[in-house]
Amino acid sequence: MSNPADQRPLPLKLLATTIVLLWLVIAAFPFLWTMWGSFKVEGDFFSRADWMNAITGPVTQRQYGGAFTLAGYDGAWVQQEFWRAVINTAIVTVCVVVISLTLGTLGGYALARSGFKYTFWLLMAALVFRAMPHVTLVSGYLLPFFQLNIWGYLPTTIIVLVAINQPFTLWMLHSFFLSIPKDLDEAAMVDGCTRFQAFRLAIIPVMWPGVVTTGLFSFLLAYNDFTVTSMLLSQENQTMIPKINAFLGSTQEEGKVMYAVAAVVSAILPLFVLILFFQRQIVSGLTAGAVKG
Amino acid sequence: MPHKTFLAFIWPSLLAMILFIALPIISVAYQSLYVEHEQILVVGESCGPFGCTQEVSVDAEAMSQLRADQPAGRFNGFGTYSNASHLATDEISEIFATSENFSEIRTRIMNLPFYKALAFTLAYTFVVTPLVIILGFIIAVVVNSVPSLLKGPVIFFSLIPMLVTPLVGSLVLFWMIDSRGIIGAGLQALFGDPTLSLKASPTLTWITLFVYGVWHSAPFAFVVFYAGLQTVPKDTMESAMVDGASRWERIRFVTIPYLMPLATFIALMQLMDNFRVFEPIIGFSAAASATSLSYLIYNDLRAAESPLFGSAAATSMLTILGVIILLLPVLRRNWREFNRKT
C-alpha cells in the first residue's frame, strides 16, 4: 500500500467494499438459498405465511420431525430415477471431452503451424459456425436422424456435441499452439522426425496446460447442454438437464416441485467443485480469446 | 506445413464440422422449402341404433405410406417463409393498408408470432449486451481496489451464475421470484401490493428476463475486464497522476481507452450468445409474453402430433440470416486485417 496510486480516501473504500459485498450477495445468494431450501418441504420453500419458514422449516418439522429432510432428493434420485440421468450425463461428458480434445489438438496444431491462406478461411468459418444457434442445427438433424434410425441414442448425441464444440476447441487450441515456439517442433524435424513424430515427442509433453483449459470448457458445454440433449435423446437416455425440464412438466402435484429443486441442486454441486479446483484455469481460458483480440 | 500433412491433421475435425454443422444447414435450407403433407381423409359410415352417420377420418395407413415415400413433405417453395407465422407478407401489407396510425400498426405487427419473437430477441440482445459490459466493468474496477484477501472468493462466487446452465440458473431465480418465494414476497412487501406478480404482465416478464441475462453474463465481462486491469501499464497511470488527473479522470482517460479492445471482444461474444436466447424462456415459463426466434424453432419441433419441420426450418433460415448480418462487421474487419498482413 505504499504506492500512492493505491491510496484511497475512506468513503471511496467503504463504497468499494459495499459494492463488492452487494455483488457477492447477488451472485451467490440464490444458489445458497436454493441449496438450503432443497432440504425442506414445499410448504416451507414456497411459504405463503412467512418467508422465514424457508430457513427454519416449521412444516418440515411437523412432517418429518426434523428441520431437514431428504424427501426431495429421495423423490428425484430414487422414485424418478434421476440417477439414470446422472449416469448418462457422465457418459456423454467424458466421451465428448475426450473425443473433442483429440480432434481439436490435431486440428488446432495444424491451423497454428500452416501458413496458407485457407487457415484464415477455416478459422472464419469456425467463427460463423460458433455463432449458429444450436437449435437451428437441431432442426436440420431431426429428419435425417429419424430416417437413418439413429435418433435417441447416446453415441449420436455425443458426436453431435463434439461437432458443435469443434469450432470453439479449434480456436482456443489454435491460439494456444501459436504461443508454443515453432522452433520446438522444427528442431525435432531437423533431427529427423516426421511431422507426427515431432507432434508426439515435442509438442504433446508441453501442451497439457492448454488442453486442460480447453477441456474444462468442452466439459461445461457438454454438461450444460439443453438444446441438443433435449431434442436428440429418447426418454430413457435423457441427461440431467432435460430430465430436470421433464420434472417441471409434472410439478402440479404436491411435493413434485421439490424433486425439481433437489435435482437442480444436484446438477449445480459438481460445478461448485469444478470451480473450486479449476478457478485459475477457467479464468485464464475466459480471457485467452480476449488477449488475442 | 505441406497441404497433405495439414489435411492429415485436420480431417477428423473438418469432417465432424462438415457432417454436423454444414450439412445440417443445407438440410435446413432444403426442409424449409417443404411443408407437411395434407391429411388424406376418408369418409366412412358408422351405423348405430339411431341410424347411420357419415364420419370423416384420417386415413392413417395412406398417411404413413406417403410419409415414408416423401419424408420431407410436399414442395411448397417459399410459401412457408411468407405465411402468417413467418414473414407474414400479406398480413403486413394489409395492416399498412387498413391501420390509421403508427401505434396501431405497431400493436398489430407485434401480434404476429415471428415479429413478436424477433422484437424480443433484438431487445434482449441490445439491452443485455451493453448492461453486461457496464456492470462487468464496474465490478472489475471495484474488485481491483479491495484487499487481495477478498479477491479469490469474489471471483469464485462470480463464476457460478455464468457457468451454471441457463435453464438451471433461471429456474433458481424463477423459484425465488414466485409470489411465495423470497424475492417475490419481498417485492410485494416493498410496493405494498399483495397482488404484484412478476409473471403476470408482459413488461415485467421482459424485465425479469433482461435482469436474468445481465446476472448470467456480467461475470464474464467482469473476469475479462479484471484480467485486463492487471495489465494496465503503470507508467501511463503514474504520468497521468503527475499531470494532476483525478481518480475519475484516470479511469476515464487511461483505463477505459486501454480496455476498449476487450469491450469489443465481450460485445462480440455477447451478441452471439444473446441472439440465441432460449433456455431462460423455458426456465421462467415466459413463453406467453416473451418468445425468441430460437424458442419458435424449438416449439415447432415440439409440436404435439408431429414436428413442423418446414416451419422450424424456415425460422432457422431467417435466424441464420440474422446471425450473419450480426457478424458482418466482424468478418469485414477480420478480412481487412488479413489483407493488410498479406
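Residues numbered from 1 in each chain as written. Chains lettered and ligands numbered in written order. Predicted model: local features only at pLDDT ≥ 70, side-chain atom pairs only at ≥ 80, totals over all residues. Heavy atoms only, no water.

> Sorry if this is basic, but what is going on with the overall build of chain A here?
Scanning chain A from N- to C-terminus turns up 15 helices and zero strands. Its C-alpha atoms give chain A principal-axis dimensions of roughly 80 × 70 × 30 Å. If you sum the accessible surface of chain A, you get close to 13000 Å²; carbon and sulfur atoms cover 67% of it. Within chain A, one finds 16 positive and 14 negative side-chain charges whose respective centroids are separated by 8 Å. (Helix = DSSP H or I, 4+ residues; strand = E, 2+ residues; numbered from the N terminus. Areas by Shrake-Rupley, 256 points an atom, 1.4 Å probe, with all protein chains shown as cover. Lys, Arg positive; Asp, Glu negative; His and termini not counted. Charge placed at Lys NZ, Arg CZ, Asp CG, Glu CD.)

> How do you make sense of the overall build of chain B when you look at a structure like this?
The number of helices and strands found in chain B is 15 helices and four strands. Taking 342 residues into account, the globule formula puts the C-alpha radius of gyration at 20 Å, and chain B, at 27 Å, lies well above it. Expressed along its principal axes, the backbone C-alpha trace of chain B runs to roughly 100 × 70 × 45 Å. The long-range fraction of contacts in chain B, counting pairs at least 24 apart against all pairs at least 6 apart in sequence, stands at 68%. Summing over all exposed atoms, chain B offers an accessible surface of approximately 17000 Å²; the carbon and sulfur share of this is 65%. (Rg over C-alpha atoms; globule rule 2.2 N^0.38 Å. Contact = heavy atoms within 4.5 Å.)

> For this particular structure, what's the right way to read the domain arrangement of chain A?
One widely used convention gives an interface's size as the accessible area the parts lose upon coming together. Residue and element names in this part refer to chain A. Domain boundaries in chain A define domain 1 (4-70) and domain 2 (75-292). Placing the centre of domain 1 and that of domain 2 at their C-alpha centroids yields a distance of 33 Å. By the criterion of area lost to domain 2, the three top residues of domain 1 are M35, S38 and E42, representing 56% of everything that side buries. Where domain 1 meets domain 2, there are zero salt bridges. At the boundary of domain 1 with domain 2, the tally comes to zero residue pairs in polar contact (both at pLDDT 80 or more). Listing elements by their share of the side of domain 1 that touches domain 2, those giving two or more residues are helix 1 (10-37) and helix 2 (42-45). (Domains from an automatic or database assignment. Buried area = accessible area lost by both parts, 1.4 Å probe. Salt bridge = Lys/Arg side-chain N within 4 Å of Asp/Glu carboxyl O. Polar contact = N/O pair within 3.5 Å; in protein donor to acceptor, adjacent residues only side chain to side chain.)

> When you look at the packing of aromatic side chains in this model, what are you seeing that I'm missing?
The way to describe two aromatic rings as a pair is by their centre distance and the angle between their planes. As enumerated under the stated definition, the model contains 45 aromatic pairs over all chains in all. With a centroid separation of 5.5 Å and 75° between ring planes, the pair formed by F199 of chain A and F9 of chain B is classed as edge-to-face. Of this pair, F199 of chain A sits in helix 11 (residues 195-203) while F9 of chain B sits in helix 1 (residues 3-31), on two different chains. Comparing F199 of chain A with F9 of chain B shows no difference in burial state: the two are buried. Taken together, the ring pairs in this structure connect Y109, F176, F177, F196 and F199 of chain A together with F9 of chain B into an aromatic cluster. In this arrangement the basic side chain of K40 of chain A is found over the ring face of F68 of chain A, its NZ or CZ atom lying 4.1 Å from the centre. Positioned above the aromatic ring of F253 of chain B is the side chain of R252 of chain B, whose terminal nitrogen or guanidinium carbon lies 5.0 Å from the ring centre. (Phe/Tyr/Trp six-rings, centres within 6.5 Å; stacked < 30°, edge-to-face > 60°. Buried < 20%, exposed > 50% of the residue type's maximum accessible area, 1.4 Å probe, protein only. Lys NZ or Arg CZ within 6 Å of the ring centre and 35° of its normal.)

> Can you walk me through the pattern of salt bridges in this structure?
Tallying each qualifying case throughout the model produces seven salt bridges over all chains. Across the pair R195 of chain A and D185 of chain A runs a salt bridge, and its minimum N-O distance is 3.3 Å. Taken together, the positions of R195 of chain A in helix 11 and D185 of chain A in helix 10 (residues 182-190) put the pair 10 residues apart, joining distant regions of the chain. Residue classification places D185 of chain A among the buried positions, given a relative accessible area of 1%. Where E94 of chain B meets R108 of chain B, a salt bridge forms, and the shortest distance between an N and an O atom there is 3.8 Å. Placement of E94 of chain B in helix 4 (residues 89-98) and of R108 of chain B in helix 5 (residues 102-110) is noted, with a sequence separation of 14 residues between them.

> Explain the interface of chain B and chain A here, please?
Listed by partner, the interface residues are 89 residues for chain B and 99 residues for chain A. Across the interface of chain B and chain A, roughly 9100 Å² is buried in total on both sides, 81% from carbon and sulfur atoms. Applying the counting criterion to the chain B and chain A interface returns one salt bridge. For R130 of chain A, the salt bridge identified is with D273 of chain B, shortest N-O distance 3.8 Å. Run the count over chain B and chain A and you get 13 residue pairs in polar contact (both at pLDDT 80 or more). Looking at which element gives the most residues to the side of chain B that touches chain A, the answer is helix 1 of chain B, with 19 residues.

> Can you walk me through the packing of helix 8 (residues 134-148) of chain A against helix 9 (residues 154-178) of chain A in this structure?
The angle between the axes and the distance between the axes are what describe a pair of packed helices. All names here are of chain A. Here helix 8 crosses helix 9 at 145°, and the two axes come no closer than 12 Å. In the packing of helix 8 onto helix 9, the handedness of the crossing is right-handed. Together, H134, L137, Y141 and F145 of helix 8 and T156, V160 and I164 of helix 9 make up the contact between the two elements. The class makeup of the residues in the contact of helix 8 with helix 9 is five nonpolar, two polar and no charged. (Axes fitted to C-alpha atoms, helices over the stretch in contact; angles between N-to-C directions. Left-handed = near helix turned anticlockwise from the far one by under 90°. Nonpolar A, V, L, I, M, F, W, Y, C, P; charged D, E, K, R; others polar.)

> Would you explain a nonpolar patch on the surface in this entry?
Together, L7, W11, L15, I18, L19, L23 and I26 of chain B give the surface a local cluster of nonpolar side chains, amounting to about 690 Å² of exposed area. Mapped onto the elements of the fold, L19 of chain B is located in helix 1. (Patch = residues over 30% accessible without salt bridge, like charges linked within 9 Å, V, L, I, M, F, W, Y side chains within 5 Å.)

> Mind showing me how you'd approach the nonpolar core here?
Looking at soluble globular proteins, one finds that nonpolar side chains tend to be buried together. If you look at the biggest cluster of nonpolar residues, it comprises 182 residues, and the most contacted ones within it are Y141, F177 and I268 of chain A together with L159, W175, F222 and F225 of chain B. In terms of residue count, the dominant contributor to this core is helix 15 (residues 256-292) of chain A (18 residues). Two domains each provide a minimum of three residues to this core, namely domain 1 (4-70) and domain 2 (75-292) of chain A. Once residues lying within four places of it in the same chain are set aside, the contact partners of F225 of chain B are I133, G136, F137, A140, L259, L262, A263 and I266 of chain B. (Core = buried A, V, L, I, M, F, W, Y, C linked by side-chain atoms within 4.5 Å.)

> What is the right way to look at empty space enclosed by the protein in this model?
The method is simple in principle: a probe with the dimensions of a water molecule rolls over the atoms, and the space it marks as empty is what remains. By the definition in use, this model includes two cavities of 30 Å³ or more. The calculated volume of the largest cavity comes to roughly 50 Å³. No other element matches helix 9 (residues 182-191) of chain B, which puts three residues into the lining of the largest cavity. Here the lining of the largest cavity is built from residues that sort into four nonpolar, four polar and one charged. If you go around the second largest cavity, the residues you meet are T89, A222, Y223, D225, T229, T239, M240 and I241 of chain A. Elements supplying a minimum of two residues to the lining of the second largest cavity: helix 12 (208-224) and helix 14 (240-249) of chain A. (1 Å grid on protein atoms, 1.4 Å probe; cavity = no way out; pocket = protein on both sides within 12 Å on 5 of 7 lines; lining within 4 Å. Points joined across faces, edges and corners; volume = space filled by probe spheres on them.)

> Explain the confidence of the model for chain B to me, please; I cannot follow it from the model alone.
Low-pLDDT stretches of the model should not have their predicted coordinates read in fine detail. For chain B, the mean per-residue pLDDT works out to 86, and 98% of the residues sit at or above 70. Predicted confidence in chain B is weakest over strand 3 (residues 51-58) of chain B, with a mean pLDDT of 72, and strongest over helix 6 (residues 113-145) of chain B, with 93. (pLDDT = per-residue confidence, 0-100.)

> Looking at this structure, I do not really get the side chain of T34 of chain A. What am I missing?
Take T34 of chain A: it is sitting in helix 1. On the basis of relative accessibility, which here comes to 1%, the residue T34 of chain A falls in the buried class. Within the structure, the side chain of T34 of chain A is placed 2.7 Å from the backbone oxygen of P30 of chain A, a separation counted as a polar contact. Not counting residues within four places of it along the chain, the set of residues in contact with T34 of chain A comprises F45, V261 and V265 of chain A together with V172 and W175 of chain B.

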